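Listed below, chain by chain, are the residues.
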Amino acid sequence: MKKILLFLFSTLLINMASAQKLSEDMFIENLLKQMTLEEKVGQLNQYSGNWKATGPNKVSANNVQEIEKGHIGSMLNVFGADVTRALQEHAMKSRLKIPLLFAQDVIHGFRVTLPVPLAEAASWDLTAIEKSARIAATEASAAGIHWTFAPMVDIARDPRWGRVVEGAGEDTYLGSQIAKARVKGFQGEGIGHTNSVVACAKHFAAYGAAMAGRDYNTVDISRRSLWETYLPPFKAALDAGVGTFMTSFNDLNGIPSTGNRYLLHDILRDKWHFKGVVVSDWGAIRELVPHGLCKDDKDAALKAINAGCDIDMESNCYNRYLADLVKAKAVSEETLDNAVRNVLRLKYKLGLFDDPFKFSNAEREKRELANPDHKKSAKEIAEKSIVLLKNDHETLPLSAKQKNIALIGPLVKSKADMKGPWAIQWDTDDDLISFYEGMEARIPQKTSLLYAKGCDINTTDKSGFDEAVETAAKADITIMVMGESFEMSGEARSKTDISLPGVQEELIKKIKSLGKPVVVVLMAGRPMTFSWTAEHADAILYTWWLGSEAGNAIANVLYGDYNPSGKLPITFPRSVGQIPIFYNAKNTGRPTPDENKISYGSAYIDSPNSPQYAFGYGLSYTSFKYSDLKLSSNQMLPSETLRVSCVISNTGKKKGEETVQLYIRDMYASATRPVKELKGFQKVDLAPGQSTTVNFIIDKETLSFYNQDMKWGVEPGTFKIMIGGASNNTPLEAQFDVI
Ligand code: GLC
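Residues numbered from 1 in each chain as written. Predicted model: local features only at pLDDT ≥ 70, side-chain atom pairs only at ≥ 80, totals over all residues. Heavy atoms only, no water.

## A word on the pairing of strand β1 (residues 45-48)
Of the two faces of β1, the one holding Asn45 and Tyr47 and the one holding Gln46 and Ser48 are both buried throughout. Summarising the sheet, β1 and strand β10 (residues 312-313) pair through two bridges and their orientation is parallel. Looking at β10, one finds that Asn45 is bridged to Asp312. Strand direction decides the pairing type here: β1 and strand β2 (residues 74-76), joined by three bridges, are parallel. Of the residues in β2, the one forming a bridge with Tyr47 is Met75. (Buried < 20%, exposed > 50% of the residue type's maximum accessible area, 1.4 Å probe, protein only. Helix = DSSP H or I, 4+ residues; strand = E, 2+ residues; numbered from the N terminus. Pairing = 2+ DSSP bridges.)

## Digging into helix α4 (residues 81-91)
Of all the positions in α4, only Ala81, Val83, Thr84, Leu87, Gln88 and Ala91 are classed as buried. Axial view of α4: buried residues confined to an arc of 165°, hence all on one face. Looking at the buried side of α4, the elements it contacts are α3 (61-68), β3 (101-104), α6 (126-142) and α15 (362-368). (Arc of directions from axis to C-beta. Contact = heavy atoms within 4.5 Å.)

## With respect to the packing of α3 against α4
Interhelical geometry of α3 versus α4 gives an angle of 50° and a closest axis separation of 7 Å. It follows that α3 is oblique to α4 by the angle criterion. In this structure, α3 contributes Val64, Ile67 and Glu68 to the contact, and α4 contributes Leu87, His90 and Ala91. (Axes fitted to C-alpha atoms, helices over the stretch in contact; angles between N-to-C directions. Parallel < 35°, antiparallel > 145°, perpendicular 65-115°, else oblique.)

## Quick notes on the nonpolar core
Considering soluble globular proteins, one finds that nonpolar side chains tend to be buried as a cluster. Core analysis: the largest hydrophobic core is formed by 96 residues, its most contacted members being Trp147, Phe204, Phe245 and Trp272. When we break this core down by domain, the ones giving at least three residues each are domain 1 (1-34) and domain 2 (40-365). The residues contacting Phe245, other than those within four sequence positions of it, are Cys200, Ala201, Phe204, Phe234, Leu238, Leu268, Trp272, Phe274, Val277, Val278 and Val279. Residues Val412, Ala468, Phe486 and Tyr562 belong to the second largest nonpolar core, which totals 83 residues. (Core = buried A, V, L, I, M, F, W, Y, C linked by side-chain atoms within 4.5 Å. Domains from an automatic or database assignment.)

## Points about the packing of helix α18 (residues 465-473) against helix α19 (residues 504-512)
When two helices pack together, you describe them by how their axes are tilted relative to each other and by the distance separating the axes. The N-to-C vectors of α18 and α19 enclose an angle of 35°; their axes lie 9 Å apart at closest approach. In this structure, α18 meets α19 at a crossing whose hand is right-handed. Where α18 approaches α19, its residues Phe465, Ala468, Val469 and Ala472 are matched on the opposing element by Glu506, Leu507, Lys510 and Ile511. Partitioned by chemical class, the residues of the contact of α18 with α19 number six nonpolar, no polar and two charged. (Left-handed = near helix turned anticlockwise from the far one by under 90°. Nonpolar A, V, L, I, M, F, W, Y, C, P; charged D, E, K, R; others polar.)

## Re the packing of aromatic side chains
Inspection of every chain in the model, using the stated rule, returns 31 aromatic pairs. Relative to Tyr613, the ring of Phe572 has its centre 6.3 Å away and its plane inclined at 75°; by these criteria the two rings are edge-to-face. Of this pair, Phe572 sits in the loop between α21 (550-558) and β17 (624-631) while Tyr613 sits in the loop between α21 and β17, placing them 41 residues apart in sequence. In this structure, Phe572 and Tyr613 share a single accessibility class: buried. For the pair Phe719 and Phe736, a centre-to-centre distance of 5.6 Å together with 15° between the ring planes defines the contact as stacked. With Phe719 in strand β25 (residues 717-724) and Phe736 in strand β26 (residues 732-738), this residue pair connects regions lying 17 residues apart in the sequence. For Phe719, a relative accessible area of 0% puts it in the buried group. Each member of the aromatic cluster is reached from another via a ring pair, and the members are Phe204, Trp227, Phe234, Phe245, Trp272, Phe274, Tyr706 and Trp712. One cation-aromatic arrangement involves Lys413 over Tyr436; the distance from NZ or CZ to the ring centre is 4.3 Å. Above the ring of Tyr451, the side-chain terminus of Lys413 is found at 4.3 Å from the ring centroid. (Phe/Tyr/Trp six-rings, centres within 6.5 Å; stacked < 30°, edge-to-face > 60°. Lys NZ or Arg CZ within 6 Å of the ring centre and 35° of its normal.)

## Considering the environment of Gln187
For Gln187, the position within the fold is in helix α7 (residues 172-187). For the pair Gln187 and Val116, spaced 71 residues apart in sequence, the C-alpha to C-alpha distance is 19 Å. The residues contacting Gln187, other than those within four sequence positions of it, are Arg134, Ser196, Val197, Val198, Ala199, Gly241, Val242 and Gly243. A polar contact is formed between the side chain of Gln187 and the backbone oxygen of Gly241, at a distance of 2.9 Å. (Polar contact = N/O pair within 3.5 Å; in protein donor to acceptor, adjacent residues only side chain to side chain.)

Put into C-alpha cells, the structure is as follows:
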C-alpha cells in the first residue's frame, strides 16, 4: 500500500512540475506568437539609466518612450522601489505589457558595502561568502533590482590587472567553490523570490588571462588552460543554478567572446545545457568591429546573435539592425525567437508577468536598507577577510600596555577608500567607518591616539615626513595605514608598477628608523609589492578594501577581539618581474632550488623563484600543529575512494581558526601536471590546547584531469597528498597509487 501511495504522490509531483513547465512554455509560445519583429528585438535591447541622476530623470525621456513602444527589454543602473515602479508602469503601457528587467552591478553589497570579493575570498569561509551575497541580494531586491551582474568568476594570476579585485583569486578549485557560494547567496531560495536576485556568471570567458595584465587585452591560451583553469568556475556557477552569463570583452584565441559560438553555443548550450540568458558586456557587440571580427555594427549584430549572445547591453546594434537582418534572412527567425524565449523565460521565472511590481515595494526597501543586522554581518565578514602576513616578537595583538599609539599614513582617516571599487555610490561616504574611527571606538580608556598623515597616497611630496616622525617619536607603537586608493583597482585600472605608490615605503623606512615597533596595515584591491616593508616591519596586516565596517573590523583584529584567520587567495610576487607567478605551476624539466644565481635551471639570476607570500598563506595570533596523517589505503582503483585524515592542534595561547588545505600532485601522466593543486580545504576553530581530526575524501573526480587527448579522466599512477596551512607549508605528506 505504502509503495502505491508513494508512486501516486511522486506521479502527482511530476505532473504538477510538468504542468508548471507546460504552462511556462505555453505562456511563452503564446506570447511569442503575438510579438512583432520589432517587439522581439526590443526584448534583446538593454540600456543604462543615468548614473548621476536620481528619481524619475534617472531615465531619459526618449528611453521612456522606447519603453512604452516595447523597444527596451531591460535596464541597468536604475534602482529604487519608486523609480522602478514608475518605469514598470511605462512598460505596462506597451502593446503586450511585457515587464522590464532591472539589473545592477551589485558586486559586494548594496546599501551596506561588504568587503571586495578578493577580500572575502581570503576568508576561505564559504558560509560567510554566501551570507555576504545574501545580504546584498536582500537589499538590492528590496530596491527593485531583479538581476545582479555578479559573481565575477574570472580566475586571475596577474595582479597588474585591476579587476583581480572583483574575483576569487588565482585558484580554480577555490574559485569554483566561491562561485557556487555567491550564486546561492544571490539567488537564495530561488529566482522569483522577492528577496533574491538573478545572478550572472561573468565574464565568459578567460577575461582574467589578458596579456600583460592589461585590461581588455588579447587572451591567447591553450585549450588545455581554458578547460583546466578558466572554465570550471563558470561550470560551478551553472551547476549552482546561475540564471545568466555575461560575455567578456576579450578576444579569446582569435574569436572575441561576444561573437564566439564555440563558447556561447557549443560549450554553454550544447555541452552544459544552459537554459538561461546570455547578456553582452557593455558595448561588447559593437566592439567586435574594432576587434577586427566584423566589418561594421550590422555585421557585429549578425555575428553576436548567431554566436548565441541574447541581449545587447548598450551597443544599440540589435536595435538598429536585427530586424533587417531577420527580414534579409541573414539571421533566422528561429535564432531570434530562441534569444527572446530566454529573456521571456527569465521574466516568467521572476513572476513579473503575474506581478510586474512585486520587487518595487517602498516599505520593504526602507526596512531592508536600514537593517542593523547587515552592518553586524559586514563587520564579521570583514574581520575574516583580513590576512596577518607578519607578526614578529608577538607585536600584535595590541593591549592596554600601549598607552600612546601613533596612527600614520594616507589611509588612516579615509572613508571613501574603504568601499573599494564597484561599490554602489550613495550621496555620501559618511557611513563608511574609517580606520581612525574604528580605533577611536576600540582603544582602551587610558590609551591615546596620535595622528599624522605623513604623505598622500601617490605623491613625491615628503613635506609631511617630519611631522610624522615627531608624532611616532612620542608613541609606544606606530600603526601605519598605507596602500593604493580604491580607484587604483577595478575596471580599466591595470598597472605596470604594483609597488606601494608614491613615497609611502620611504615614510615607513623613516618611521622604522626610530627603533620602535611599527605595524603596517596595507589596503589595496590587488597584491602589491613591498619587499623592504615585508622584511623590516614588525607586523603586517593586509586588509584589502573591507567596506562599511572596515575601521571597526581592523581595530578588532589589531586588539585580538578577532584572531585573524585569512589566507591569501592569490600569490604575492616579490616583484612585478616575476608575473605571472602562481602556486600551481608546472615543475619544468629543470626545477630549481630557490637561489638567484646562474644555475642553468628554470630560475632568475636576480631573484628567487619563490613569491613574497604564497597562495594559501596567512598567520594567526596562535599556532597550529599538523599530525597523524592517515590514508585508508596506499592504493585505490579509479572507482574507489580514499579516506584521508589528520589531526590539527592549537598549540598557542589564543583561540583561533585555521584553514586546513589539501593539495595533490599527480607525479607523472600523459600530460604534465602542476606541482600541486588545491583539492580541498576545511576551516577549524580551536581553543588553546584543543585538537580535532579533519577528514577528506579523495575520489575519481579529485584526481581527474584532461589527458593528452583532452579527455577528462584519471590515469593510473602515483599521487602525492600534501596537507598544511599554506601552499608552501604542507608538513603532512604521503603517497598512494591509482592502479
Ligand atoms: C562593465 C563591466 C561589467 C559590468 C558592466 C555593466 O564594463 O565589464 O563587469 O557588469 O559593464 O556595468
